[in-house]
Amino acid sequence: MVQFHEHVLTDLLDDSNGGLVILSSGLSLSSLIASLLLLHSPPQGSLLLLSPTPPLKQRLLRHLRSRSAAPLQIPAEITADLPASHRHSLYASGGAFFVTPRILIVDLLTSRVPASTVAGIVIPNAHAIAETSTEAFIVRILKSLNKNAYVRAFSDKPHAMVAGFAKAERIMKCLFIRKLHLWPRFQVYVSQELEKDPPVVVDIRVPMSKNMVGIQKAIIEVMDACLKEMRKTNKVDVEDLTVENGLFKSFDEIVRRQLDPIWHTLGKKTKQLVSDLKTLRKLLDYLVRYDAVSYLKYLDTLRVSESFRSVWIFAESSYKIFELAKKRVYRFVRSDGTKLDGPGKSTASKKRKLSGEDVHEETASGGSSSTGVIVLEEVLEEAPKWKVLREILEEIEQERQKATLTGKECLVEGEDSDSGIVLITCKDERSCMQLEDIITNNPLKVMQEEWEKYLLSKVELRDAHTRYKKKPKDPKGFGILDGTLHVTTTPAAEVSSTSKQEHYALLAAVSEIRNRAKLEKPGDSIQPHVGDEGCSNGTKGKYKKGRANAKSSQHRNSSGRKKVAADGNQAVPASEDEHLTDGLVSGGYCDDNISGHSGDRAVLQESDRSESRSVKPLPPLHFHALESDRPILDTLKPSVIIAYHPDMTFVREIEIYKAENPSKRLKIYFLFYEESTEVQKFEASIRRENGAFESLIRQKSMMMIPVDQDGQCLGLNAYMEQQASSSQNSITRRAGGRKEAEREMQVIVDMREFMSSLPNVLHQKGMRIIPVTLEVGDYILSPSICVERKSIQDLFSSFTSGRLFHQAETMVRYYRIPVLLIEFSQDKSFSFQSASDIGDDVTPNSIISKLSLLALHFPRLRIIWSRSLHATAEIFFSLKANQDEPDETKAMRVGVPSEEGIVENDVRAENYNTSAVEFLRRLPGVTDSNYRAIMDGCKSLAELALFPVDRLAELMGGQKVARTLREFLDAKYPTLL
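Calculation criteria
- Residues numbered from 1 in each chain as written.
- Predicted model: local features only at pLDDT ≥ 70, side-chain atom pairs only at ≥ 80, totals over all residues.
- Heavy atoms only, no water.
- Helix = DSSP H or I, 4+ residues; strand = E, 2+ residues; numbered from the N terminus.
- Buried < 20%, exposed > 50% of the residue type's maximum accessible area, 1.4 Å probe, protein only.
- Contact = heavy atoms within 4.5 Å.
- Expected span 1.5 Å × (residues − 1).
- Arc of directions from axis to C-beta.
- Pairing = 2+ DSSP bridges.
- Axes fitted to C-alpha atoms, helices over the stretch in contact; angles between N-to-C directions.
- Salt bridge = Lys/Arg side-chain N within 4 Å of Asp/Glu carboxyl O.
- Phe/Tyr/Trp six-rings, centres within 6.5 Å; stacked < 30°, edge-to-face > 60°.
- Lys NZ or Arg CZ within 6 Å of the ring centre and 35° of its normal.
- Polar contact = N/O pair within 3.5 Å; in protein donor to acceptor, adjacent residues only side chain to side chain.
- Lys, Arg positive; Asp, Glu negative; His and termini not counted.

Draft legend 1. Expanded view of the environment of A808. Topologically, A808 is positioned in helix α29 (residues 803-814). For A808, a relative accessible area of 3% translates into the label buried. Considered as a pair, A808 and E788 are 20 residues apart in the sequence and their alpha carbons are 8.2 Å apart. When near neighbours in sequence (up to four residues on either side) are disregarded, A808 contacts L854, F858 and L861.

Draft legend 2. Representation of helix α31 (residues 869-880). With 12 residues, α31 extends 17 Å between its outermost C-alpha atoms, agreeing within 8% with the 16 Å of an ideal straight helix rising 1.5 Å per residue. Here α31 has its buried residues at L869, T872, A873, I875, F876 and K880. Angularly, the buried residues of α31 cover 160° about the axis, an arc narrow enough to put them on a single face.

Draft legend 3. How the structure looks around the sheet that holds strand β16 (residues 768-772). The mixed open sheet is built from 6 strands, whose spatial order is β16-β15-β17-β18-β19-β20. Of all strands in the sheet, those with a lone pairing partner are β16 and β20 (862-866), marking the two edges. Neighbour-to-neighbour, the strand axes of the sheet open up by a mean angle of 25°, direction not taken into account. In this sheet, strand β17 (residues 779-782) lies alongside strand β15 (residues 746-750) in antiparallel orientation, the contact comprising 2 bridges. Note that in β17 the partner of I748 across the bridge is I780.

Draft legend 4. Examining the pattern of salt bridges more closely. Under the counting rule described, the total for this entry stands at 31 salt bridges. Of the charged contacts, one joins E678 and K385 as a salt bridge, the two residues approaching to 2.9 Å between their closest N and O atoms. With E678 in helix α25 (residues 677-702) and K385 in helix α16 (residues 384-405), this residue pair connects regions lying 293 residues apart in the sequence. The burial state of E678 is the same as that of K385; both residues are buried. The network of salt bridges with common partners includes E788, K790, D794 and R803.

Draft legend 5. Molecular detail of the packing of aromatic side chains. For the structure on display, the rule yields 12 aromatic pairs. Geometrically, the ring pair formed by W312 and F322 is stacked, given 6.0 Å between the ring centres and 10° between the ring planes. One end of the pair, W312, is in the loop between α12 (292-306) and α13 (318-327); the other, F322, is in helix α13, with 10 residues separating them in the sequence. W312 sits in the buried class, given a relative accessible area of 0%. Overall, the relative accessible area of 8% leaves F322 in the buried class. Three or more aromatic residues joined by ring pairs form one cluster here, namely Y286, Y290 and Y298. When the ring centre of Y150 is taken as origin, the NZ or CZ atom of R152, which lies over that ring, is 3.8 Å away. Above the face of the Y931 ring, R921 is positioned so that its terminal group lies 4.7 Å from the ring centre.

Draft legend 6. Focus on the side chain of D300. Structurally, D300 is set in helix α12. Of the polar contacts made by the side chain of D300, one reaches the side chain of Y454; its length is 2.3 Å.

Draft legend 7. Main features of the side chain of R152. Tracing the chain through its elements places R152 in strand β6 (residues 150-155). The side chain of R152 sits in the buried core without any salt bridge; D15 is the nearest counter-charge, 8.0 Å away. Those residues in contact with R152, other than ones at most four positions away along the chain, are L12, L13, D15, G18, G19, L36, I121, V122 and I123.

Laid out in structure tokens, this is it:
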């Protein structure tokens, strides 16, 4: 454990009531909580950890096991699968436990938790707490039952603690905490310890290619244009609308939080701008993360999915993004060595270098150099970081070999377990897999495979699209959809012929790829690479050719490669619309070696076999995806770390790892693209965290903490006492100011409803909450009132699945006043859709039409609209006025099948023959007003059929309806004779 963690624990343990600790991101929150658990002893009572995230939970258990903790100090997990008696004994045992808030709140309300034996609660994600959250509900009930229980909350996301007005103060208030502990990276104890023996840092700035710089500049220009359009709406705070803020995911949350209350009043353009800003941020991120072919494929996907409704695509600079992305992969040239827009000196020189391949490509394209046939020349621009990464790895291996020859040891004695593994960290697993493939194989081969898969899929989709397209015998008009424009002017005719030649070049290139694959299928003379098992055979011959090309042009621009034909001017097929991470990873990566060491062996074997390519040997490697959030440093113990995608949180983890192992030699390489948004985002994340801590420090200096915020004065009916004292002055004229007899209101709540915050708000208002498992309804307010609560999202899904119809049917069957409560979120618009989107006609897909049909089908169903949780609580108070309290036993039996069969005066499912009731209601003369009287007057449909008209008139309330039913029952059915 690092030393400043001891200072944190000392400050935290000084206050027996607990406290709120806010750490900088990456300062090992799991290690701090593990140390707190080790200080806990069973005689103090049980310690409950509320819903840690799976990565944090994994790190906690690893820290505890590595420190040889006692069995009772390693938390067990309390789940809903355990019987109630077993959970009760666990709570009373005095150990530490993981428990979800939903299980704990139900156990507290049903008195399964002996509150006197609970020492305290640990909340590891305090930034997610709100006044209506279940965690706040738990703390309020526990404090009312055990005033000595402590609450210790932690958070390592300081920027989330300053979102909104006085969020830290509000969290402290709802958790009954009086002390706030701030530990930023620039705190004296933290900075002194982490900077005492820092690792060796090598900061490498890799210049981006010309096309990448152009794409980045164009994206920023388009983003700035979208932000200017957003400012014109006057709906969002102008200070938040900056390009720097737009680089973070939290920017979407900031904008949506400000726009949600008026979302239904916004126009389509403003709504689309919010989505466009998210898309542009992804484009900036993917530019420095993925290869050129994958990036082009993602752009093609965007062109198909967003071309009709997107705003950014029609911006002035957006065309540069698509054009430059194409230039990174391929370009159109004429077979005589000139570009399409004129002669190009560089292109002609490249053609001279590749004259042998030119002849082959021109033949495949169906023309010769004299005819000026258009061909596609592969560029396949490699990421600039790839070459630098290989050079770094070769340098590391050279240093180690030199140290071995001179007799020096790279590692300190006793730390030989890491075997000199080099750790390479990337943003996501796809980047790890591609980097592993690039290091193991030739980068040119990897790019070639991606390009051929992209090209083949594009042509196959185009063929499928044109196969079912009707072609008129005598075409008339303009062939715009075919990519050509038939007009009589000479320039347009030239464009038309150019487009046709590009299409022919595309087909020729694809046919060449297919023919080469067919020729290489029967026999493979090339030894397969490690990691190539299970891949298609069509990639092996190409690798041999790519290897020769790579050897001859190792230090040359990647654009000087062989040509294949493709069509970049055609529209992308609609089926290309797919997720990047799902659709782009295919076939090229046969083994996932990220989690194990098989990838390290593959790299070593590849380096051993690479003498023919004159490639220097490489050290053993391990690739780690930062998004997996797995504890890799203490497990792998690397001596060299290469941050391929630098991340502030992981940098702090490296600092903690070095501080815990001061004698270990550690070297870190940071790979940044020079003057890129990657650098800007990394620096902005540090500035944003420092700014958040400065804001929290100012809030702490001005924070006003009430004396009773420790929960010592909290009672079970604190809200009711407050209400009674405030309303007592208004009734002093009534019976001499005598206090009215208080009646405790109670609500029966379904167990599944504790996922929402409404039970918490109802308890705040002074109602007693009874959690049970209900078969019908969500809330039982009285013996006759049943409420089915639906949030907006749940309402739409219930209509789609048909679940709401069944729920309404059962409520109408068993309760006299069934209620459908539609609850909106307080911070969002109180509307389904804008008024302009509501049509006049009834359509099956309209939510308004579905609600209308529901109301028509169930006339007794009451629909109540609620603006927020607090409005729902007030509605419940109004509905319960002058109503009896619900019976818990009876509510649990409603609609539940039983093995005893029909029981007299019972409300179970078997007591209602629903088919007979539905049949009765469809008989002539039977209405909603008289069918219940008919059911009370006869036991079955057979008995009803024997009643005379006078008896039917008595039951049905009139002679006319009785005769109608009698005539229907006595009517003779037609026969065939």
